[in-house]
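So you can see what is in the structure, the chains are spelled out below.
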Amino acid sequence: MQFRTYINIKPSLLKIDHSQSIFSLGSCFAENIAAQLKRAKFRVVSSPTGILFNPESIARTITHFVNADNAEATSKMVRDGLQKSDIDGRWFSYNFHSSFSDSDADIAANKMTTAYTIGHKALIDADTVIITFGTAWVYRHRQSGQVVVNCHKQPHNIFSRELLSPEHIVELYEPLLSNGILSNKRIIFTVSPIRHLADGLEDNSLSKSILRVAIGNLADRFKNVEYFPSFEIQNDELRDYRFYAEDMIHPSHMAVEYIWQRFSEYTFNETTRQLIEQLEGISKAAEHRPFDPYSEVHKKFCTQQIGQIERINELYPAIDFSKEKEAFCRYL
């Protein structure tokens, strides 16, 4: 008997390996995937401007990254978007997550400018871009007409709540994919499995459906666009509440690990998966606290680990083993 629905995911023809650079942005789930990739020693940059929930804010942020090639112009762009909150006196921007706000305008502006600079380089260098849509519901600032990244606890009456259409989302990404910055990169779209209960379950279902339709249309139109079904894995394969965190909204640690396993099967070849196992073994060895660290046995163990690192670096020089080398060399 089979007691759960299993999603058959066709392996991607385009594989990711450790020679490539990856850029991940979008909702909380983009952070989860990026964390797993970093643990596996991939070169990955994740959400430099903070978590982005809706497709319009993500598309606008990508455009800002592209335009952040001049330090002076970038600094001006950031300062033009700064506002001082009447509620707590902190300086913020509707283009950034609230973690970038500060009581000092210069500090806030510097953090934001740095984020755009990091995003510009990461986007230009990236071979693969992972984009995670969280919700199709947006908040539009009534005065500026701009869809905001974050409301920053400002009065609700200065925003209108709207639902993006699949057609509008496709229109936002067509220029980026046809002849823009995303045209020569591999793009993996996902829909976040995290439910937005603040929208209500009915509106959340409507929102996720719109996101899926929009991505399906983009994948049909552009050969470099793929869809990874993280939403379906969480909600169909892992439909039991034991696969959710205590808030009953976010995936549990076990669920994230399982989705990562399915993502690995989808986008890594067998050689890369074997290498990841080796890398995890080296990382665990570096974190291990030996009973007798300065014994000859442990010195030999550390020497063997460094030798393994050097052999891997000959094939993949971009893999950063600096922490592990420091841990092993400490006992030699």
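What you see is a predicted model, and the numbers here were worked out from it, not measured in a lab. (Residues numbered from 1 in each chain as written. Predicted model: local features only at pLDDT ≥ 70, side-chain atom pairs only at ≥ 80, totals over all residues. Heavy atoms only, no water.)

**Quick look at helix H4 (residues 105-125)**
The end-to-end C-alpha separation of H4 is 30 Å, in line with the 30 Å expected for 21 residues at 1.5 Å each. Every buried residue of H4 is listed here: Ala105, Ala108, Ala109, Met112, Thr113, Ala115, Tyr116, Gly119, His120, Ala122 and Leu123. N-cap assignment for H4: the residue whose side-chain oxygen lies 2.8 Å from the backbone N of Asp106 is Asp104. (Helix = DSSP H or I, 4+ residues; strand = E, 2+ residues; numbered from the N terminus. Expected span 1.5 Å × (residues − 1). Buried < 20%, exposed > 50% of the residue type's maximum accessible area, 1.4 Å probe, protein only. Polar contact = N/O pair within 3.5 Å; in protein donor to acceptor, adjacent residues only side chain to side chain.)

**Description of the pattern of salt bridges**
Evaluated as defined, the whole model comprises 17 salt bridges. Glu257 is the partner of Arg39 in a salt bridge, and the nearest nitrogen-oxygen pair spans 3.2 Å. Pair noted here: Arg39 is in helix H1 (residues 28-39) and Glu257 is in helix H8 (residues 253-267), with a separation of 218 residues, a long-range link. Two residues, Lys121 and Asp125, come together in a salt bridge whose shortest N-O distance is 2.6 Å. In this pair, Lys121 and Asp125 are both assigned in helix H4, four residues apart and thus about one turn of the helix distant. Judged by relative accessible area, Asp125 falls into the partly exposed class, the value being 38%. Via salt bridges that share partners, Arg39, Glu257 and Glu280 belong to a single interconnected network. (Salt bridge = Lys/Arg side-chain N within 4 Å of Asp/Glu carboxyl O.)

**A word on the confidence of the model for the protein**
The predicted structure's coordinates, where accompanied by low pLDDT, should not be read in detail. Averaged over all residues, the pLDDT of the protein is 93; the fraction at 70 or higher stands at 99%. Across the protein, helix H5 (residues 166-178) holds the top mean pLDDT of 98, while H1 sits lowest at 90. (pLDDT = per-residue confidence, 0-100.)

**What to know about the layout of surface pockets**
Considering only enclosed or pocket space, the largest pocket measures out at about 480 Å³ in volume. Taken together, 21 residues form the lining of the largest pocket, with Phe53, Thr135, Tyr139, His196 and Asp199 sitting closest to its centre. Residues belonging to the lining of the largest pocket are distributed by class as follows: 12 nonpolar, seven polar and two charged. The calculated volume of the second largest pocket comes to roughly 340 Å³. Lining the second largest pocket are 16 residues, and of these Lys41, Ser283, Asp320, Lys323 and Glu324 lie nearest its centre. Looking at the lining of the second largest pocket, the elements that each hand over two or more residues are strand E2 (43-46), helix H9 (270-287) and helix H11 (322-329). When residues in the lining of the second largest pocket are grouped by element, the largest group, four residues, is from H11. Per-class residue counts for the lining of the second largest pocket are six nonpolar, two polar and eight charged. (1 Å grid on protein atoms, 1.4 Å probe; cavity = no way out; pocket = protein on both sides within 12 Å on 5 of 7 lines; lining within 4 Å. Points joined across faces, edges and corners; volume = space filled by probe spheres on them. Nonpolar A, V, L, I, M, F, W, Y, C, P; charged D, E, K, R; others polar.)

**Some remarks on the environment of Gly281**
Position of Gly281 relative to the elements: it lies in helix H9. Among the residues examined, Gly281 registers a relative accessible area of 36% and is labelled partly exposed. The spacing of Gly281 and Gln305 is 24 residues in sequence and 9.6 Å in space, taken between C-alpha atoms.

**Re unusual backbone geometry**
Non-glycine residue Lys153 carries a positive phi angle of around 60°. Among the secondary structure elements, Lys153 is positioned in the loop between strand E6 (137-141) and strand E7 (159-163). Lys153 gets classed as exposed once you look at its relative accessible area, which sits at 78%. Positive phi outside glycine occurs at Met248, with the angle close to 60°. Here Met248 is to be found in the loop between helix H7 (230-237) and H8. A relative accessible area of 36% places Met248 in the partly exposed class.

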